[in-house]
Structures are given as C-alpha cells and as structure tokens.
Amino acid sequence: MLRLIPFFTTEAQLIIALKRGESRAHKVVYERFSGKMLAVCTRYCANKDDAEEVMLDGFMRVFEKIEQFREEGSFEGWIRRIMVTESLMFLRKAKQWRQEVPIDEVTVEPDYEWADTAVNESELMRLVNQLPDGYRTIFNLYAIEGYAHAEIAEMLGISEGTSKSQLSRARVILQTNLKKMEQDFRNVSYEKTYRKTAN
C-alpha cells in the first residue's frame, strides 16, 4: 500500500498546523530549518554538541511559543531570533561571554578595510569562531544579526560601552588573524613557486 507523505503547500498552512500541535508540522519545520539554525547556534556555541543541544531547545521553544507568532514578519526570522535568545541563555548560564574589556583599554583602532579582503565566508566564519566567547557573541549580535549596541547591552546585561569595546577588540583580533592567514598563504605560494623554479 502506498503511504502518503504529509506536506504543506504554503507557509501559512504549516503555521496553522503548528498552532494545532500537529506532529507532522513539527517534523517539517525541523527538517526545513534545522540546518540553518544549527549554523546560527554554532556561531555562538563553538562546541558542536552544545550548539546542537541549544538548537533542539530552540525548536522546543518555537513549538511552545508558536501562538506568539503574529505573521508580521518572516517565520524564519522569528525562529532565528528564538535560536539567538536560546544561545545567549546558554552562554549566560555557562558564563562564557563575560570577557569584558573597558573601552579605554582598546588602544588599537581596527582597520575597517579588513572586510574587503578576498576571503570566503567559510574562512571568515572560522576566524569568528576562534574569537573568545565574549567577543564572538557581541560580534555575531552586531555584525551578523544587526542588533544595535543598546539592544546588545540590554540582552547581555552589560554596558553599551562594554559592547562597543568588545566589538572593537573583536575586529582587531579578526584583522590580525586575517592578515596572518594571508601572510601564511603568500609564504606557501612563494615556497611552491621557488621549488618549481628550482626543479
């Protein structure tokens, strides 16, 4: 006997089914968004196991709070905000984001042209993931999620100046590591060219 696979032709139908608590809708949402949402959680929780746990908690929160979704914006964006909130809650519990640096201690002014360097997204995200937890959290919230410093300060329970200083320091570290990566690449390229010429 042929088994029919349930599906939803529109997002509105899917949301209605979610609000009814239909398990097939839960499955569809998870399958449709889990890849993207794991990537979001991984940006905040460098440990993959932690990121997966946070993502699962996030989906549970999505299903619990679906009645609060008013369809005034993107459904994916709403899920994403929940994932970010869950990630921040995890970091707060683990106290992994409190590397505070007073703004007057940031003596190196970042070169904002570092972002124009020819580096692909995966390489850039690898460098972001290597940042200390506090710097990485604020960089993600500001540069990727688009929150203002005042919003970040409220979300994390820190001062606006601390948010600005950590972002500035994160950019300096990224710039330094990016230049090092480029120098390493040039050295490898030079060495290959030298060997080829020598042969």
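Procedures and definitions
- Residues numbered from 1 in each chain as written.
- Predicted model: local features only at pLDDT ≥ 70, side-chain atom pairs only at ≥ 80, totals over all residues.
- Heavy atoms only, no water.
- Helix = DSSP H or I, 4+ residues; strand = E, 2+ residues; numbered from the N terminus.
- Buried < 20%, exposed > 50% of the residue type's maximum accessible area, 1.4 Å probe, protein only.
- Contact = heavy atoms within 4.5 Å.
- Axes fitted to C-alpha atoms, helices over the stretch in contact; angles between N-to-C directions.
- Parallel < 35°, antiparallel > 145°, perpendicular 65-115°, else oblique.
- Left-handed = near helix turned anticlockwise from the far one by under 90°.
- Nonpolar A, V, L, I, M, F, W, Y, C, P; charged D, E, K, R; others polar.
- Salt bridge = Lys/Arg side-chain N within 4 Å of Asp/Glu carboxyl O.

K.L.:
Tell me what's going on with the overall build of the protein, and back it up with residues and numbers.
P.N.:
A tally of helices and strands in the protein yields eight helices and zero strands. For the protein, the N- to C-terminal ordering of α and β elements is α-α-α-α-α-α-α-α. The proportion of buried residues among the 199 residues of the protein is 38%. In the protein, the share of contacts with a sequence separation of at least 24, taken over all contacts with a separation of at least 6, comes to 70%.

K.L.:
Now, about the packing of helix H4 (residues 75-94) against helix H6 (residues 133-144): what can you tell me, with residues and values included?
P.N.:
H6 packs onto H4 with a crossing angle of 160° between their chain directions and a minimal axis gap of 12 Å. Put simply, H4 runs roughly antiparallel to H6. H4 and H6 meet at a crossing whose hand is left-handed. For the pair formed by H4 and H6, the contact residues are Arg-80, Val-84, Leu-88 and Leu-91 on the first element and Thr-137, Leu-141 and Ile-144 on the second. Taken together, the residues of the contact of H4 with H6 break down into five nonpolar, one polar and one charged.

K.L.:
Lay out the side chain of Ser-163 with the relevant residues and their values.
P.N.:
In this fold, Ser-163 is placed in helix H8 (residues 160-198). Apart from the residues lying within four places of it in its own chain, the contact partners of Ser-163 are Ile-138, His-149, Ile-152 and Ile-158.

K.L.:
An account of the pattern of salt bridges is needed here, citing residue identities and associated values.
P.N.:
This model, assessed by the stated rule, comprises nine salt bridges. We note a salt bridge from Glu-64 to Arg-61, for which the minimum N-O separation is 3.7 Å. You can see Glu-64 and its partner Arg-61 sitting in helix H3 (residues 48-64), three residues apart, about one turn around the helix. The exposed category is assigned to Glu-64, whose relative accessible area is 53%. Through salt bridges that share partners, Arg-20, Glu-22 and Arg-24 make up one connected network.

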